[in-house]
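This is what each chain is made of:
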Amino acid sequence: MAEAVLGIIGGSGIYDLPGLTDLREERIESPWGEPSDVLRIGRMGETKIVFLPRHGRGHAIPPSEINYRANIDVLKRAGVTDLVSLSACGSYKAELYPGLFVLVDQFVDRTAGRASSFFGKGCVAHVSVAHPVGPALQERIAAAATAEELPFVRGGTLVTMEGPQFSTLAESLTYKGLGYDLIGMTAMPEAKLAREAEITYATVAMVTDYDCWHEEHGAVDVASVIAVLHANADKARRLVARLAADFPREREACPAGSHNALDFAVVTAPEHRDPKLLAKLDAVAGRVLTAQG
Ligand SMILES: CSC[C@H]1O[C@H](OP(=O)(O)O)[C@H](O)[C@@H]1O
Ligand SMILES: Nc1ncnc2[nH]cnc12
């Protein structure tokens, strides 16, 4: 197995990762276009860390315009094997209160029109995302949260909406009625693309609000979301620092199969593959495409 490299995607309110040593900024070119920002690459203890703010520094990029493919591609090029997404989310359960971290394990995709695959005409592939979160990575995050005495729960379903507007009351009640736990605007297609790129993925959903369903709370607004996040920023940093401190040197096999998701995924016969698309797939799928010829 390869050297383990821990990627961190910072969501709303998290545009930096203090505490990195040997820090350098690297602008990595991607055939998929412009990523959200330069990568900040450094170390926490012995662990190599690659940080990317999802919305860019200064939060200039809305959820619908994030180039998720470029982001995952440059993280792959930087050697990231395990990726932790930090994400602000609204809650559909009274017991999932603002300030709590939820280690979700399922996603529902309600986005529209986002480029959600690296593959396409000229190289068709179908990976499984039945279990989109890496259980071993989640276990390590849970251990880090426990060690830091952070309030968290394990498990939950996060629905991703298109945004940028928050939900109507009818939508909010519908998602709650369907049994979803949380809502955000960015987990999809990020999680799907990470799986295609054979990067192990996990989300730390940081509850910031009750969306608009809760009778004792008003409609969600950005100011209160950011206020909760600022109050929690230190917790997120402690979580990442502890996770990094206890991270293995070598990549671990993922019980959900993220380390070899492409083994049997590509269905296009070699002689029918488009060389231009293959060239763009060099980082995310080079392992299987060069091996298969
Ligand atoms: C600032 S509130 C809405 C915004 O916050 C979340 O972003 P992220 O997932 O990057 O933390 C949510 O998905 C929306 O993009
Ligand atoms: N209520 C909400 N809906 C969608 N995305 C969010 N991010 C944080 N809170 C949210």
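As recorded in an unreviewed UniProt entry, the protein goes by S-methyl-5'-thioadenosine phosphorylase and comes from Bosea vestrisii. Turning to the protein, the UniProt record has this under Catalytic activity (unreviewed entry): "S-methyl-5'-thioadenosine + phosphate = 5-(methylsulfanyl)-alpha-D-ribose 1-phosphate + adenine". Recorded in UniProt under Pathway (unreviewed entry), the annotation for the protein is "Amino-acid biosynthesis; L-methionine biosynthesis via salvage pathway; S-methyl-5-thio-alpha-D-ribose 1-phosphate from S-methyl-5'-thioadenosine (phosphorylase route): step 1/1."

Peer 1: Hey, could you go over the overall build of the protein for me, with residue numbers and the actual values?
Peer 2: Per the secondary structure count, the protein includes seven helices and eleven strands. Since a compact globule built from 293 residues should have a radius of gyration of about 19 Å, the 18 Å found for the protein is in line with a globular shape. Principal-axis analysis of the C-alpha atoms places the extent of the protein at approximately 60 × 45 × 35 Å. Within the protein, the fraction of its 293 residues that count as buried is 56%. For the protein, contacts bridging at least 24 residues in sequence account for 81% of all contacts bridging at least 6.

Peer 1: Describe the site of ligand 2, naming the residues involved and giving the relevant values.
Peer 2: Surrounding ligand 2, one finds Ala 88, Cys 89, Gly 90, Met 161, Phe 166, Ile 183, Gly 184, Met 185, Thr 208, Asp 209, Asp 211 and Val 220. Here a nitrogen atom of ligand 2 and a backbone polar atom of Ala 88 are 3.2 Å apart. At 2.8 Å from a nitrogen atom of ligand 2 is found a side-chain nitrogen or oxygen belonging to Asp 211. The protein chains hide 94% of the 260 Å² of surface that ligand 2 would expose on its own. Under a 2 Å grid-point criterion requiring more than half of the atoms, the pocket assigned to ligand 2 is the largest pocket. Among the secondary structure elements, those contributing two or more residues to the shell around ligand 2 are strand S5 (82–91), strand S10 (182–184) and strand S11 (200–209).

Peer 1: Break down the site of ligand 1 for me, citing the residues and quoting the values.
Peer 2: Neighbouring ligand 1 are Gly 11, Ser 12, Arg 54, His 55, Pro 63, Ser 87, Ala 88, Phe 166, Gly 184, Met 185, Thr 186 and Val 225. In the environment of ligand 1, an oxygen atom lies 2.6 Å from a nitrogen or oxygen atom belonging to the side chain of Thr 186. In this structure the site holding ligand 1 corresponds to the largest pocket.

Peer 1: Help me get a handle on the packing of aromatic side chains, residues and values and all.
Peer 2: Counted according to the given criterion, the structure contains five aromatic pairs. Ring centres 6.2 Å apart and planes at 55 degrees place the aromatic pair Tyr 92 and Tyr 175 in the tilted group. Here the residue Tyr 92 occupies a position in the loop between S5 and strand S6 (101–103), and Tyr 175 occupies one in helix H3 (residues 169–177), the gap between them amounting to 83 residues. Taking relative accessible area as the criterion, Tyr 92 reaches 0% and is therefore assigned buried. Judged by its relative accessible area of 6%, Tyr 175 falls in the buried class.

Peer 1: Explain the environment of Ser 224 to me, and be specific about the residues and the numbers.
Peer 2: Summarising the element assignment, Ser 224 is placed in helix H5 (residues 222–245). Taking C-alpha positions, Ser 224 is 7.8 Å from Asp 209, a pair spaced 15 residues apart along the chain.

Peer 1: Outline the UniProt feature "domain: Nucleoside phosphorylase" (unreviewed entry) in the protein, supporting the account with residue identities and numerical values.
Peer 2: Within this numbering scheme, the UniProt entry marks residues 6–243 as carrying the feature "domain: Nucleoside phosphorylase" (unreviewed entry). Regarding residues 6–243, the helix share stands at 27% and the strand share at 26%, and the terminal C-alpha atoms are separated by 9 Å.

Peer 1: Quick one: what's the story with the pairing of S11, residue by residue and with numbers?
Peer 2: Counting buried positions along S11 gives ten out of ten residues, so the element sits mostly inside the fold. Taken together, the nine bridges between S5 and S11 define a ladder with parallel strand orientation. Within S11, the residue paired with Leu 83 across the bridge is Tyr 201. Judged from the three bridges that link them, S6 and S11 form a sheet pairing that is antiparallel. When the sheet's bridge partners are listed, Phe 101 is paired in S11 with Met 206.

Peer 1: Would you mind going over helix H1 (residues 68–77) in detail, with residue names and values included?
Peer 2: Given 3.6 residues per turn, any residue in an α-helix points the same way as the ones three and four places further on. For H1, the buried fraction is high: seven of the ten residues fall into the buried class. All of the buried residues in H1 are Tyr 68, Ala 70, Asn 71, Ile 72, Asp 73, Val 74 and Leu 75. The positive-phi residue at the C-terminal boundary of H1 is Gly 79, with phi of around 95 degrees.

Peer 1: Provide a residue-level description of the UniProt feature "binding site: substrate" (unreviewed entry) in the protein, including the pertinent values.
Peer 2: Feature annotation in UniProt places "binding site: substrate" (unreviewed entry) on Met 185, Asp 209, Tyr 210 and Asp 211, given in this structure's numbering. Lining residues of the largest pocket, restricted to the annotated ones just named, are Met 185, Asp 209 and Asp 211. Among the structural elements, Met 185 can be located in the loop between S10 and helix H4 (187–196). Accessibility expressed as a relative area gives 14% for Met 185, which makes it buried. What Met 185 contacts, discounting residues up to four positions off in sequence, is Pro 63, Tyr 68, Arg 114, Thr 160, Met 161, Gly 163, Pro 164, Gln 165 and Phe 166. Relative to the assigned elements, Tyr 210 resides in the loop between S11 and H5.

Each value, and the rule that gives it
Residues numbered from 1 in each chain as written. Chains lettered and ligands numbered in written order. Predicted model: local features only at pLDDT ≥ 70, side-chain atom pairs only at ≥ 80, totals over all residues. Heavy atoms only, no water. UniProt positions renumbered as here; feature names shortened; annotations may be inferred. Helix = DSSP H or I, 4+ residues; strand = E, 2+ residues; numbered from the N terminus. Rg over C-alpha atoms; globule rule 2.2 N^0.38 Å. Buried < 20%, exposed > 50% of the residue type's maximum accessible area, 1.4 Å probe, protein only. Contact = heavy atoms within 4.5 Å. Near = heavy atom within 4 Å. Polar contact = N/O pair within 3.5 Å; in protein donor to acceptor, adjacent residues only side chain to side chain. Areas by Shrake-Rupley, 256 points an atom, 1.4 Å probe, with all protein chains shown as cover. 1 Å grid on protein atoms, 1.4 Å probe; cavity = no way out; pocket = protein on both sides within 12 Å on 5 of 7 lines; lining within 4 Å. Sits in = over half its atoms within 2 Å of the grid points. Phe/Tyr/Trp six-rings, centres within 6.5 Å; stacked < 30°, edge-to-face > 60°. Pairing = 2+ DSSP bridges.

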